[in-house]
Amino acid sequence: MVEAVLIDLFSLPANLQNNIQGLLHSTLETIEKCSSIHAPCVYVMCCQRQGSERKGEQEFLLPALTGFQSLKRRLEVVCAQTTAAALYTIKQRLDEKDLSIIKVILPTLRKDLMKVYIDHLFTAVYQFEFEDLQVVSDCENLQISEAQREGQTLPSQDVALIRSEIQMYLESLPSLKGELTILRSSLIPDDIFLHGFTTRTGGISYIPTLSSCNLFSSSKRRDPQVVVKENLRRLANAAGFNPEAFHRVKTDHANAVCILGKTEPDNYDGIVTNQKGVTLAAPGADCIPVLFADPVRKACGAAHSGWKGTLLGVSVATVNAMVSEYGCNMKDILVVLGPSVGPCCYKLPQESAKEFHRIDPKCVRLFDSATPYIDIRRATRILLERGGILPENIQDDSITDQDQNITFCTACHPDKFYSHFRDGANFGTQIGFIAIKD
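Computed from a predicted structure; not experimentally measured. (Residues numbered from 1 in each chain as written. Predicted model: local features only at pLDDT ≥ 70, side-chain atom pairs only at ≥ 80, totals over all residues. Heavy atoms only, no water.)

Brief notes about the nonpolar core
Of all hydrophobic cores here, the largest spans 41 residues; its most connected members are Leu6, Met45, Leu87, Tyr88, Leu94, Ile166 and Leu170. Mapped onto this core, the elements with two or more residues apiece are β1 (4-8), β2 (41-47), β3 (75-80), α4 (83-96), β4 (101-106), α5 (111-121), α6 (156-172) and α7 (225-239). When residues are assigned to domains, this core turns out to be shared by domain 1 (4-135 + 161-172) and domain 2 (182-436), each giving three or more. Ignoring anything within four residues of it in the chain, the contact list for leucine 170 reads Tyr88, Ile204, Val226, Val227, Glu230 and Arg234. Residues Val290, Ala321, Met330 and Ile394 belong to the second largest nonpolar core, which totals 38 residues. (Core = buried A, V, L, I, M, F, W, Y, C linked by side-chain atoms within 4.5 Å. Buried < 20%, exposed > 50% of the residue type's maximum accessible area, 1.4 Å probe, protein only. Helix = DSSP H or I, 4+ residues; strand = E, 2+ residues; numbered from the N terminus. Domains from an automatic or database assignment. Contact = heavy atoms within 4.5 Å.)

Spelled out as structure tokens, the structure:
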């Protein structure tokens, strides 16, 4: 069942007021007749011309909006100066109500354009269907380029213009939930390496569980890639790295490691390099983002270590890659464990807990319960030490230095961090990142 209807009047000139009013009235009439049991939310998208007031732009639509009682409380006119701004505003309304099935009623000549905007601003969570808005004869002379005609692929320059419009709009949005904050470790020398761990503040993601500096997009979440890219751009500006030379691990919850510059695996949870000016990153939203730095051989790495990756030894695999590829000495490698879920909150089924118990009984609390508490950080430290890393070269603030406040429990601090364990399926993601300075 359609949950929302979007009526696109954006491209229709304001001087055709009578035609637009009639068009809108007949369209709303049809929606009301077909939706007598459950009236969907209706959004009317129109253009706010430069220098005009929002109220003035809507006034000419008022005659068409009166009389629709069943839609009255669920109807909103959204005026903006660009299609990107109008559509993003409507997306916010849809997300506030958790709506995902949308019918778009629009002029035929706008359909291909609208699909490009939707592809960039929405994810696979949403379902769209399109219906033609029958433009009356007086509107036939609208100046629509040949490229916008139904059934034709938009030229690449038109798509590029749409991308640029979206990017400019997103860059203009204010940061949410405070300033962008980066946590840094005193263990990693800042004269050689640029590094940090992000928190959830200072981005533009507005959905509560993703707000505000979410740094991961997927087909199962409501944050599109363009929003994540804007969050990353703001992080790069604050941290001082190049977002175009940024490599995030392709998580598989396993132990494969990518050697930057060699053939890239399809999936990997660790990545290493000795190239300057290249930023490596690992995500975390309970899983541990782990950073590695060798100030002697000037090499670095990042790893994503969840409970599966921890048991499979992804951190040790990353260390071993640095040793084999760059000649690093184990005693020189520094390791920092980032914000991650602590043993105070994290539970696993008994069968999985047994694997951690074999590493060290102290990695499991309430072992005899159906879902014991697990300390994936302790397990990671133990495996790293067994692999040859010096204990003093491993930073886990929950043990080594609680004043440093790098290794927070993500589940315990909803104001600072995202947590899959706490927030459920539509969770946000923070990252740990590291680069060798030029």
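So much for the structure itself; the text now carries on.
Some points on the packing of α5 against α6
One can describe the packing of α5 onto α6 by two numbers: an axis separation of 10 Å at closest approach and a directional angle of 45°. The orientation of α5 with respect to α6, classified from their angle, is oblique. As α5 packs across α6, the resulting crossing turns out to be right-handed. The segment α5 lies against α6, with Leu113, Val116, Tyr117, His120 and Leu121 engaging Val159, Ile162, Arg163, Glu165 and Ile166. Within the contact of α5 with α6, the residues separate by chemical class into seven nonpolar, one polar and two charged. (Axes fitted to C-alpha atoms, helices over the stretch in contact; angles between N-to-C directions. Parallel < 35°, antiparallel > 145°, perpendicular 65-115°, else oblique. Left-handed = near helix turned anticlockwise from the far one by under 90°. Nonpolar A, V, L, I, M, F, W, Y, C, P; charged D, E, K, R; others polar.)

A look at the pairing of strand β11 (residues 279-284)
In terms of residue burial, β11 counts as a mostly covered element, since six of its six residues are buried. Inspection of the sheet shows strand β8 (residues 246-248) paired to β11 by three bridges, in the parallel sense. Counterpart to histidine 247 in the pairing with β11 is leucine 280. In terms of strand pairing, β11 meets strand β18 (residues 430-436) through six bridges, oriented antiparallel. The residue of β18 that forms the bridge with glycine 284 is glutamine 430. (Pairing = 2+ DSSP bridges.)

Structural notes on the sheet that holds strand β12 (residues 288-294)
Read across the sheet, six strands follow the order β9-β10-β13-β12-β14-β17 without closing on themselves; strand pairing throughout is mixed. Both outer strands of the open sheet, β9 (257-259) and β17 (394-395), are each paired with one neighbouring strand and no more. Where β9 meets strand β10 (residues 270-273), three bridges bridge the pair, whose relative direction is parallel. Residue pairing across strands places valine 257 opposite glycine 270, the latter belonging to β10. Docked against the sheet, helix α9 (residues 314-326) engages β9, β10, β12 and β13 (299-305), running at close to 160° with respect to β13.

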